[in-house]
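As a plain string of letters, each chain reads:
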Amino acid sequence: MLILGIETSCDETSAAVVSNCSDILSNVISSSLHLHKRYGGVVPEIACRHHTELINIVLEKALKKAKVSLEDIDAVAVTQGPGLVGALLIGISLAKALSYSLKIPLIGINHLHAHLYSAMMGPEPPELPAVGLIVSGGHTSLVYLEKPETVQLLGQTRDDACGEAFDKVAKILDLGFPGGPIIEKKAKRGSSARIRFPRSYLEKDSLDFSFSGIKTAVLYHTQRLKAQKKRIPVSDICASFQEAVIDVLVDKTRTAIIKKRPRSLLIGGGVTANKTLRDRLLKMARSKKTDVFFPPTGMYMDNAAMVAGLGCLLFSNKAFSEYTMSAEPGLNFCNKQT
Ligand code: KG4
Ligand code: ZN
């Protein structure tokens, strides 16, 4: 079974061919990140122009690399949301055209679910049920998966996503965009013991997150030092900020594991690239005798292989989409369970 995946929700234009739900024959990604750097964030119009210019080239490369032709494809899966509406529509238009002309099913995919599914695409599939942690630029959510296709929301951020907090703190410190990789690098040279930034846990046992307070704390700390004409200890601030964010992510994930007693912990989304976060989650999960699954290397960022992988699972369940399907920029997991 060959599934073509298409991903255009934000700044990555990607197409992939996946066989039998986890065998990745190709995963071509063209990022427009370099075009957004000077603006300090993703500019939707620039992202859309890049998708329009690159999508056909990326598709051709994905087919060529997989050594297949369009006629070999059994279904086309495409990110339906969440994401930038114009960007999503570019991928969806291509997917609909392919589905209609090739007479193959169209499958709309939840981008957040696909991030989690990427953690199931390694050599050893996880045992379920699982707790899932999604950490990206737009979302921070804890979920529970009884089966790979059913996701229950346990908690999510009430304001900034954790990746967004990394990006905003990098902006405060003039470190460029995206903030995550540069903050992680600077943090290695700093000490997290010198500054204590607040950790927001919200109500007792809440699995929701809040990261806007820590970003403001970094802003005030930096402004105070500037007003006193003191040196800004950038590496120490990065180390202390990163530690505070990771403390909350690990503690809340531990609470979810204690509540739900899963067999596995799945992690997905761009912030998974942070090695300190991965190490801390591994250590915590080991103490709770829970196996941890990360996406295969190179699949932390947005990519179409995770879309094709989840598409393959939905194809097996005959969960096809109608041609009336459209972009859903605010798509989420609907049912919140505690
Ligand atoms: O999942 P993703 O590629 O796109 C979204 O769907 O949002 O995630 C991008 C986010 C950005 O906020 C970026 O700063 C963050 O992931 N990120 C990191 C690291 N690498 C990327 N955050 C912390 N540490 C990293 N090494
Ligand atoms: Zn993403």
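All figures in this text were calculated on a predicted structure; none of them were measured in a lab. (Residues numbered from 1 in each chain as written. Chains lettered and ligands numbered in written order. Predicted model: local features only at pLDDT ≥ 70, side-chain atom pairs only at ≥ 80, totals over all residues. Heavy atoms only, no water.)

1. Thoughts on helix α6 (residues 179-188)
Those residues of α6 lying buried are Gly-179, Ile-183, Glu-184 and Ala-187. For α6, the arc enclosing every buried residue in end-on projection is 125 degrees, short of the 170-degree limit, so these residues lie on one face. Facing away from the buried side of α6, by more than 90 degrees, are the exposed residues Pro-181, Lys-185 and Lys-188. At its buried positions, α6 is contacted by α5 (162-172), α8 (234-260) and α9 (275-287). (Buried < 20%, exposed > 50% of the residue type's maximum accessible area, 1.4 Å probe, protein only. Helix = DSSP H or I, 4+ residues; strand = E, 2+ residues; numbered from the N terminus. Arc of directions from axis to C-beta. Contact = heavy atoms within 4.5 Å.)

2. Here's the deal with α9
For α9, with 13 residues, the first-to-last C-alpha span of 19 Å sits near the 18 Å given by 1.5 Å per residue. Listing the buried residues of α9 in full gives Leu-277, Arg-278, Leu-281, Met-284 and Ala-285. Axial view of α9: buried residues confined to an arc of 135 degrees, hence all on one face. Along α9, exposed side chains directed more than 90 degrees from the buried face belong to Lys-283, Arg-286 and Ser-287. Next to the buried residues of α9 lie β6 (130-135), α8, β9 (264-268) and β10 (291-293). Measuring from the backbone nitrogen of Thr-276 back to the side-chain oxygen at the start of α9 gives 3.1 Å, which picks out Asn-274 as the cap. Positive phi shows up at Lys-289, right after α9, with a value of about 55 degrees. (Expected span 1.5 Å × (residues − 1). Polar contact = N/O pair within 3.5 Å; in protein donor to acceptor, adjacent residues only side chain to side chain.)

3. Some details on the coordination of the zinc ion (ligand 2)
Bound to the zinc ion (ligand 2) on the protein side are His-111 (NE2), His-115 (NE2) and Asp-302 (OD), at distances that span 2.1 to 2.2 Å. Between the 4 donor atoms coordinating the zinc ion (ligand 2), the angles at the centre fall across 92 to 150 degrees, so the site counts as irregular. Ordering the donors of the zinc ion (ligand 2) by residue number gives the pattern H-x3-H-x186-D. Of the two residues, His-111 and His-115 are both situated in helix α4 (residues 111-118); the distance of 4 residues between them amounts to about one turn of the helix. Exposure remark for His-111: the relative accessible area of 6% places this residue in the buried category. On the basis of relative accessible area, His-115 is assigned to the buried category, the value being 1%. (Donors = N, O, S within 2.8 Å, 3.2 Å for Na, K, Ca; no water. Tetrahedral: all angles 85-135°; square planar, octahedral: opposite > 155°, others 65-115°.)

4. Things to note about the state of the cysteines
By definition, a disulfide links two cysteine residues through a covalent bond between their sulfur atoms. Tallied over the entire structure, the rule returns 1 disulfide. Across a sulfur-sulfur distance of 2.2 Å, Cys-21 and Cys-312 are joined as a disulfide pair. Here Cys-21 and Cys-312 share a disulfide; its torsion about the S-S bond, -75 degrees, makes the bridge left-handed. Taken together, the residues span a long stretch of sequence, with Cys-21 in the loop between β2 (12-19) and β3 (23-31) and Cys-312 in helix α10 (residues 304-316) at a distance of 291 residues. Unpaired in this structure, Cys-48 has its nearest cysteine sulfur neighbour in Cys-10, at a distance of 9.8 Å. You can call Cys-48 buried: its relative accessible area is 15%. Free cysteine: Cys-162, not disulfide-bonded; nearest cysteine sulfur from Cys-10 at 15 Å. (Disulfide = S-S within 2.5 Å.)

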